[in-house]
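Coordinates in review
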Amino acid sequence: MKTWIKSALAAALAIGAATTAAQQTVNLPIVIELSGAGAVSGTNFRDGAMLAIDEINARGGILGRKINAPQTDTQSNPGVSRAQVQKALDGNPYAILGPIFSGSVKANMVLAQQAEVPQFTGAEAADITQAGNAYIFRTSFGQQASMPKIANYIRDGLKAKTVAVLWVNNDFGKGGRDTFVKEVTARGIKVVADISTESGQVDFAADVVKVKGANADAIFAYTNEEESARFLREARKQGVSTPLIGETTLLNQKVIELAGDAANGVRGHVGLSAEAPIPAVQEFRAKFTKRFGYVPDHNGIKGYTAVYAVKHATERIGKFDRKLLAQTMHGLTITPQQEPGILMETTWDDKGDIDRISFLAEVVDGKQKIVQTLPKLGK
Amino acid sequence: MADILQLLVAGLATGGIYALVAIGFVLLWQTSQTINFAQGEFVMVPAFFVLAAMKLGGLSFPVAMLLGLLVTLVVLGLLFKRLVVDPIIRHGVLPLVISTIALAIFLKESVKEFYAADAQPFPAAWATTNLAVGGAVVSVQNLVIIAVAVVAVAALQYFLAGTQTGRRMQATAQNPVLARILGIPVERMILYTFLINAGLVALASFLVSPIYLAKFSNGETLGLVAFIAAIVGGFNQVRGAIVGGLLLGVVDNFVAAYLTAQYRGAIPLFLLIAVILFRPQGLVGRAEERTV
């Protein structure tokens, strides 16, 4: 009998301890592209988020609670991402981090919205924040913010009158292509070639021949990382001498690594960059590189700053309240003085779109070089 | 005109890769009735052997390539035959086909799990400069691929037709029972075929990975297109695989440039259907009759 009582007491204590442990953590699941076409972006985002989570946990967590961040792979597939977000929602998350692929976010964000769970995405397709979802928040510029900047650069920096556009035929590429064409056309620049490519495409020989044949003043390439690298390699193979212009992806670290010498000379706009001449960003770059053994791209910064945005907004609220977190994020500006992990002053508007400084960059000797810092749109 | 020349060279280079892979399909089928649906993954894997040797073993690229070739011969030649083909083939072609599909998934997931899910840069063993030819810019890389593919195919043809071992292999392919009666070591000849296939996929891997980048999923399309190339050319003739491979490479590039980029993936399938309807033995294949 005594043994029975002892066992019951031990079980009760164990359950109590487990409950306390559960209460001491906050769930921030990372639903992200760890394989498939988005593996480069997703791995960067995941590693950036984990770096921030470990830093915050080492300092005692958020409001005394350690962050628990289970990771699931969307396989860069919208259908799989929807199932993974549902799985994450079943685990009672405080917020969801990811995914990055716009097609995946469009497929799964309604689930988080219905569950009233804030979702911090790395996606950039313009229409994601136009659907009236009060729970979706960007971690980088949407295309409606970045394309005007690149169109200005093509008109004012390159003095180009014509442009050839090569884009990837997925939600990210189609949204970017539509916004880009609208912006350059509004500035009197003629689109003389409009070439769609496929996600995961490996052979760009025919596409480069078409781009070359257009004889444009500039070539704007807007595809995902691996395809960007293959395109650059093929462009180099075929001796393309027209300025190659990109928006963030074409100039990112992984593309430069994959394309090698073929990336030299690429120019464009980068919303986020680990090469930004900002001490906090340089410190982040050093920490990331030391821990993961590679230089982060803009997606690494997205993951890192997303976690710190959740931390700061939660501490501002003073409690864990998902609805209140979403309400607080709208119109919120976080400065590095308030929260060093945010790296740069960042503002979220009433739709969840982001505003902060950005950069014009060029690839020189295999490295991204920032040539100009552009102010926040709101300034 | 310059565009056409560039597309032709690029198409022949791509077609040369398809041809190397397609020849492997044909050789394995002729000597051992093996249809290897992991052939595309066989092209993907050697690049990772090389990268692993460089990264983990600290070897230089040329040494890593040699080691990668040796490991490919052992793993994708010898072990593939001994561990997968030999135990399954006696149960018929279909179980073997399913086994090779399973092997393809295993190879892809293993590379993803133990090396990387994202693309990796792969060094080129040759110059990446360009040549100006009649207003066109022709890539030396593409010319090297075409040259290597031509030399490899010519050497293989010489080996099969001009050496005793090659003729024994042909005899084994044509009638293994009679070949055995004549004293030809049939098992050894079949093993040679698997080793040649391993050599061809390694070569294709080293040629294509600097352009396509090394990635676990690279074999998916490559294997399918090479299989179709072998059928289009003629599954019972090595020269059929060459014709099929080159044809698909060139047609793919011209269709993407002048007809449609969106439907380029369907072109090999259209060609396959046309060949099955109008010339089932393949473009240069030999019609075979079967007595019932």
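This section reports on the structure supplied with the text. (Residues numbered from 1 in each chain as written. Chains lettered and ligands numbered in written order. Predicted model: local features only at pLDDT ≥ 70, side-chain atom pairs only at ≥ 80, totals over all residues. Heavy atoms only, no water.)

1. Re the overall build of chain B
Helix and strand content of chain B: 11 helices and two strands. When its helices and strands are written in sequence order, chain B yields α-α-α-α-β-β-α-α-α-α-α-α-α. On C-alpha atoms alone, chain B measures out to a radius of gyration of 19 Å, which is about the 19 Å that the 2.2 N^0.38 rule sets for 292 residues. For chain B, the spread of C-alpha atoms along the principal axes amounts to about 60 × 50 × 35 Å. The proportion of buried residues among the 292 residues of chain B is 51%. Taking as baseline every contact in chain B between residues at least 6 positions apart, the subset at least 24 positions apart corresponds to 75%. If you sum the accessible surface of chain B, you get close to 13100 Å²; carbon and sulfur atoms cover 69% of it. Computed over 16 positive and 11 negative side-chain charges, the separation of the two mean positions in chain B equals 10 Å. (Helix = DSSP H or I, 4+ residues; strand = E, 2+ residues; numbered from the N terminus. Rg over C-alpha atoms; globule rule 2.2 N^0.38 Å. Buried < 20%, exposed > 50% of the residue type's maximum accessible area, 1.4 Å probe, protein only. Contact = heavy atoms within 4.5 Å. Areas by Shrake-Rupley, 256 points an atom, 1.4 Å probe, with all protein chains shown as cover. Lys, Arg positive; Asp, Glu negative; His and termini not counted. Charge placed at Lys NZ, Arg CZ, Asp CG, Glu CD.)

2. Side note on the interface of chain B and chain A
Opposite the 31 residues of chain B that make contact, chain A presents 28 residues. Regarding the contact of chain B and chain A, the summed buried area is about 2400 Å², with carbon and sulfur atoms giving 50% of it. The interface formed by chain B and chain A holds three salt bridges in total. Close ionic contact of Arg264(B) with Asp207(A) constitutes a salt bridge, the shortest N to O distance being 3.7 Å. Here chain B and chain A share 13 residue pairs in polar contact (both at pLDDT 80 or more) between them. At the level of elements, α1 (2-32), β2 (136-139), α5 (140-162), α8 (186-212) and α10 (238-258) of chain B are the ones that each hand at least two residues to the side of chain B that touches chain A. Considering every element that reaches the side of chain B that touches chain A, the biggest residue donor is α1(B), with five residues. Split into classes, the residues belonging to the side of chain B that touches chain A amount to 15 nonpolar, 10 polar and six charged. (Buried area = accessible area lost by both parts, 1.4 Å probe. Salt bridge = Lys/Arg side-chain N within 4 Å of Asp/Glu carboxyl O. Polar contact = N/O pair within 3.5 Å; in protein donor to acceptor, adjacent residues only side chain to side chain. Nonpolar A, V, L, I, M, F, W, Y, C, P; charged D, E, K, R; others polar.)

3. Here's the deal with the sheet that holds strand β15 (residues 354-355) of chain A
All names here are of chain A. The strand order β13-β14-β15 describes an open sheet built from three strands, whose pairing is antiparallel. Two strands in the sheet have a free side with no partner beyond their single neighbour: β13 (333-334) and β15. Bridging between strand β14 (residues 346-348) and β15 involves two bridges; their strand directions are antiparallel. Paired with Thr 347 across the bridge in β15 is Asp 355. (Pairing = 2+ DSSP bridges.)

4. Observations regarding unusual backbone geometry
Gly98(A) connects to Pro99(A) through a cis peptide bond whose omega is -10°. At Lys159(A), a position not held by glycine, the phi torsion is positive, near 60°. In this structure, Lys159(A) sits in the loop between α5 (143-157) and β8 (162-168). By relative accessible area, which is 60% here, Lys159(A) ends up exposed. Residue Leu213(B) is not a glycine yet carries a positive backbone phi of 70°. Of note, Leu213(B) is situated in the loop between α8 and α9 (219-233).

5. Concerning the packing of aromatic side chains
Evaluated as defined, the whole model comprises 21 aromatic pairs over all chains. Seen in terms of ring centroids, Phe42(B) and Phe80(B) are 4.9 Å apart; in terms of plane orientation they differ by 80°. Their pairing is edge-to-face. Highlighted residues: Phe42(B) in helix α2 (residues 39-57) and Phe80(B) in helix α3 (residues 61-89), separated in sequence by 38 residues. Classification of Phe42(B) by relative accessible area gives buried; the value is 1%. You can call Phe80(B) buried: its relative accessible area is 2%. Among the aromatic residues, those joined into a ring-pair cluster are Phe284(A), Phe288(A), Phe292(A), Tyr294(A), Tyr304(A) and Tyr308(A). (Phe/Tyr/Trp six-rings, centres within 6.5 Å; stacked < 30°, edge-to-face > 60°.)

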